[in-house]
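Residue-level structural notes
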Amino acid sequence: MRIATYNLRYDSMPDNITVQQSLASLPDPLQQYTFYGKKGEQPWSTRRIKVFEHLESEGIVLAGFQEALVRQVHDLAELLGDGWGWVGVGRDDGVAAGEFSPIFYKKSDVDLVSNDSFWLSNTPDVPSKFPGAGSVRIATATHLILKSGLGGPVHFTYLNTHLDDQSDDQRRLGASMLLTRARYEAFKTKGPVVITGDFNSPATGTDSGAYQIITGALPPVAINETFAQRYAVPKGVLPNFTAVDLKGQAPRSAVSGNFATYTGFNAPGDGSVYSRIDFVFGGSNGKWTSDAYKVGSSLTDDGVLASDHRPVFADITLHT
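How each quantity is defined
- Residues numbered from 1 in each chain as written.
- Predicted model: local features only at pLDDT ≥ 70, side-chain atom pairs only at ≥ 80, totals over all residues.
- Heavy atoms only, no water.
- Phe/Tyr/Trp six-rings, centres within 6.5 Å; stacked < 30°, edge-to-face > 60°.
- Helix = DSSP H or I, 4+ residues; strand = E, 2+ residues; numbered from the N terminus.
- Buried < 20%, exposed > 50% of the residue type's maximum accessible area, 1.4 Å probe, protein only.
- Lys NZ or Arg CZ within 6 Å of the ring centre and 35° of its normal.
- Expected span 1.5 Å × (residues − 1).
- Contact = heavy atoms within 4.5 Å.
- Axes fitted to C-alpha atoms, helices over the stretch in contact; angles between N-to-C directions.
- Parallel < 35°, antiparallel > 145°, perpendicular 65-115°, else oblique.
- Left-handed = near helix turned anticlockwise from the far one by under 90°.
- Nonpolar A, V, L, I, M, F, W, Y, C, P; charged D, E, K, R; others polar.
- Pairing = 2+ DSSP bridges.
- 1 Å grid on protein atoms, 1.4 Å probe; cavity = no way out; pocket = protein on both sides within 12 Å on 5 of 7 lines; lining within 4 Å.
- Points joined across faces, edges and corners; volume = space filled by probe spheres on them.

1. Side note on the packing of aromatic side chains
A complete count under the given rule lists twelve aromatic pairs for this structure. Between W86 and F100 the ring centres are 6.1 Å apart and the planes differ by 65°, which places this aromatic pair in the edge-to-face class. Residue W86 is located in strand β3 (residues 84-87), and its partner F100 is located in the loop between β3 and β4 (103-106); the two are separated by 14 residues in the primary sequence. Among the residues examined, W86 registers a relative accessible area of 29% and is labelled partly exposed. When the centroid spacing of 6.1 Å and the interplanar angle of 20° are considered together, the rings of W86 and F104 count as stacked. In this pair, W86 sits in strand β3 while F104 sits in strand β4, placing the two residues 18 residues apart along the sequence. The exposure class assigned to F104 is buried, which follows from its relative accessible area of 1%. A network of ring pairs unites the aromatic residues F65, W86, F100 and F104 as a single cluster. Over the aromatic face of F187 sits the side chain of K190, whose NZ or CZ is 4.5 Å from the ring centroid.

See below:
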C-alpha cells in the first residue's frame, strides 16, 4: 500500500470560496501561465486543489494529515469523494475546534475497525495542553484492515500526530506516549504498526529528542501513569520495541532524491529553513516491508506552494 503524511498548513487566510468554485476557476491547461508568478503563502482555497491533485496522482490508499482545520478536512473529503472515509477530532475540544490530525483511508482497500484520539499532555483523556507547549497536541489512533496484504487481509494499527513546534519537552513526552501506545498495539493485535506525523524534530541536532526517543536512541520520559498502565504489556514482552524510520529501510534505488520535508513558503532555491521533520515509521515488531520512500514537492511552476511542508509517500507491504 502507498501511505502519505502531509502537513497541510492550516487555513490561515479563510474565505468563502467553495471547492466547486475553485474547480470551476482552474485555468486552461493548454495555456502557458507566468512561471513563478505567485510568491509566498496562498489561501487554502488556492492550495487545496494542488494538494488533491498530487495525492490523487500518487495512488495512495492511506493518509495522515496535520494542521487541518475542519474546513480543510471537509474540503479533502469532498475532493477525494465517497470512496474515502476519515476519522479524527479537533484538538481544542475533541469535536471540531482547532487543528485535526485526521486519518483518511480508501474504502476499496482499507476497512476501519475502530479509532480513538488522545492528547499528548499530562491529561491525555481530555483536550489539554502540555505546560510550556505552543499548542494543544493530539494523536489519532486507528485499527484497520488492509484487504490485500501479503498472505491475505492484514489487521494493523496506524497512529498519526503532530508534535509541538516550540517545546522540546512536549515533543519528548509525545514520542514516549506514541511509543507506549504502539508497543501495546503490537502486543495486543500481533500485527504491524505504522506511525506518521510532523514531529518537529529532525533526526540529529538539538531538537532531535523526540526522534531519538521513538527510534530507541534515547529512553522514553515519564508519562501519565493511568495512560501507561492502560497500555502496559506483560513484563518481558517486546522489551526493546521501537519505531523504525522506513526511509532507511527502503532499497536505496527506491528512495527519492528530496531530503527536506519542511521548506517554509520560501522562494524557489532558498533552502535556508529546510529540514526533515515529517516521518513514516514502522513498529520494530515487523510484519512490514519498506518497498519505496519518496518526498514529493509542494511547488508548481506557477509559484504556488501547496503547503510549507512537502508530502511524504511510503510504499509498504504488510504481512499477516
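2. Details of helix α2 (residues 44-58)
Each full turn of the α-helix corresponds to 3.6 residues, which orients residues three or four apart in the same direction. A rise of 1.5 Å per residue sets the reference length of α2, with its 15 residues, at 21 Å; its end C-alpha atoms lie 21 Å apart and thus fit the reference within 8%. When we look at burial in α2, the residues that qualify are W44, S45, R47, R48, I49, V51, F52, H54, L55 and E58. On its buried side, α2 packs onto β1 (2-7), α1 (19-24), β2 (62-66), α3 (70-80), β11 (288-295) and β12 (312-318).

3. Let's talk about α3
Looking only at α3, the buried set comprises R71, Q72, V73, D75, L76, L79 and L80. Check the buried side of α3 and you find it contacts α1, α2, β2, β3 and β4. Looking at the residues trailing α3, positive phi occurs at G81, about 95°.

4. Observations regarding the packing of α2 against α3
It is the contact of α2 with α3, at a shortest axis distance of 10 Å, that shows an interaxial angle of 45°. The orientation of α2 with respect to α3, classified from their angle, is oblique. Once α2 is placed against α3, the crossing between them reads as right-handed. Within the contact between the two elements, α2 uses W44, S45, R47, R48, I49, V51, F52 and E56 and α3 uses R71, Q72, D75, L76, L79 and L80. Here the contact of α2 with α3 is built from residues that sort into seven nonpolar, two polar and five charged.

5. Points about the sheet that holds β12
The strand order across the open sheet built from six strands is β3-β4-β2-β1-β12-β11, with neighbouring strands paired in mixed fashion. For this open sheet the edge positions go to β3 and β11, each flanked by a neighbour on one side alone. With direction set aside, neighbouring strand axes in the sheet form an average angle of 20°. With five bridges connecting them, β1 and β2 associate as parallel partners. Along β2, the bridge assignment pairs A4 with A63.

6. What about the layout of surface pockets?
The computed volume of the largest pocket comes to approximately 620 Å³. Surrounding the largest pocket, 23 residues form its lining, S25, L26, P27, K50 and D302 being those nearest its centre. The set of elements that each furnish at least two residues to the lining of the largest pocket consists of α1 and α2. Class assignment for the residues of the lining of the largest pocket results in eight nonpolar, ten polar and five charged. There is about 220 Å³ of room inside the second largest pocket. The wall of the second largest pocket is formed by 17 residues, among which L179, T180, R183, P220 and F241 lie closest to the centre.

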